[in-house]
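Letter by letter, the chains look like this.
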Amino acid sequence: QVQLVESGGGLVQAGGSLRLSCAASGRTFSGYAMGWLRQAPGKEREVVAAITRSGSSTYYTDPVKGRFTISRDNAKNTVYLQMNSLKPEDTAVYYCVAKLAYDERYSAQQEWYDYWGQGTQVTVSS
């Protein structure tokens with residue numbers, strides 16, 4: 001089992017940057033595929049980025065490609081989401097998600113992930 005704690009959210013102007021962090025408990029962090037999911041008011045939840053357990057492969061939803069970067073440091077049990085060129089439509093609660101994986105895979109489907117953090121609010125003002 002793993003527990004996830006996000007940090008780094010806040011209020012930023014359009015065009016600005018934020019870096020989200022997700023600290024995971026446990027000694028088997030390197031065995032988990034990780035992702036970031038967001039939910040905006042009135043919109044469906046979506047997986048915005050995902051990364052395999054080794055970090056060898058990543059996924060981004062189209063609206064964030066070229067602006068967001070997911071990365072992980074398995075020595076620090078932490079996954080990051082660097083968000084640049086933020087837009088008002090990026091405003092949402094961002095959740096860190098995880099799934100124990102037995103190979104190098106990830107998913108763009110929120111239902112695939114077994115563990116969620118408590119979420120961190122990101123607000124982008126125009």
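Look up a bit, the structure's there.
These figures come from a predicted structure and were not determined experimentally.

A. Structural context of the overall build of the protein chain. Summing up its helical and strand segments, the protein chain has zero helices and 11 strands in all. Going from the N terminus to the C terminus, the protein chain shows its helices and strands as β-β-β-β-β-β-β-β-β-β-β. A compact globule built from 126 residues should have a C-alpha radius of gyration of about 14 Å, and the protein chain, at 13 Å, falls within 12% of that. Of all intrachain contacts in the protein chain linking residues separated by at least 6 positions in sequence, the fraction that spans at least 24 positions is 61%.

B. Geometry of the nonpolar core. In this structure, Met34, Trp36, Val79, Leu81, Met83 and Tyr94 are the most contacted members of the largest nonpolar core, which totals 29 residues. One finds Leu37, Val47, Val97 and Ala101 within the second-largest nonpolar core, a separate group that totals nine residues.

C. Up close: the pattern of salt bridges. The full count for this structure, using the stated rule, is seven salt bridges. Note that aspartate 90 is salt-bridged to arginine 67, the shortest N-O span being 2.7 Å. Of this pair, aspartate 90 sits in the loop between β8 (78-83) and β9 (92-100) while arginine 67 sits in the loop between β6 (58-60) and β7 (68-73); the two residues are 23 residues apart in sequence, bridging distant segments of the chain. Taking relative accessible area as the criterion, aspartate 90 reaches 1% and is therefore assigned buried. Residue arginine 67 is classed as buried on the basis of its relative accessible area, which comes to 10%.

D. Quick look at the sheet that holds strand β3 (residues 18-24). With respect to topology, four strands assemble into an open sheet ordered β1-β3-β8-β7, the strand pairing being antiparallel. Edge positions in the sheet fall to β1 (4-7) and β7, since each of these pairs with one other strand and no more. Adjacent strand axes in the sheet meet at a mean angle of 15 degrees when their direction is disregarded. As defined by bridge partners, β1 adjoins β3 across four bridges and the pair is classed as antiparallel. Bridged to serine 7 within β3 is serine 21.

E. Focus on the environment of glutamate 44. Here glutamate 44 is to be found in the loop between β4 (32-39) and β5 (46-51). Considering only alpha carbons, one finds glutamate 44 and glutamine 3, 41 residues apart in sequence, at a separation of 24 Å.

F. Spatial organisation of unusual backbone geometry. At asparagine 77, a residue that is not glycine, the phi angle is positive and equals roughly 55 degrees. Position of asparagine 77 among the secondary structure elements: in the loop between β7 and β8.

Conventions we followed
- Residues numbered from 1 in each chain as written.
- Predicted model: local features only at pLDDT ≥ 70, side-chain atom pairs only at ≥ 80, totals over all residues.
- Heavy atoms only, no water.
- Helix = DSSP H or I, 4+ residues; strand = E, 2+ residues; numbered from the N terminus.
- Rg over C-alpha atoms; globule rule 2.2 N^0.38 Å.
- Contact = heavy atoms within 4.5 Å.
- Core = buried A, V, L, I, M, F, W, Y, C linked by side-chain atoms within 4.5 Å.
- Buried < 20%, exposed > 50% of the residue type's maximum accessible area, 1.4 Å probe, protein only.
- Salt bridge = Lys/Arg side-chain N within 4 Å of Asp/Glu carboxyl O.
- Pairing = 2+ DSSP bridges.
- Axes fitted to C-alpha atoms, helices over the stretch in contact; angles between N-to-C directions.

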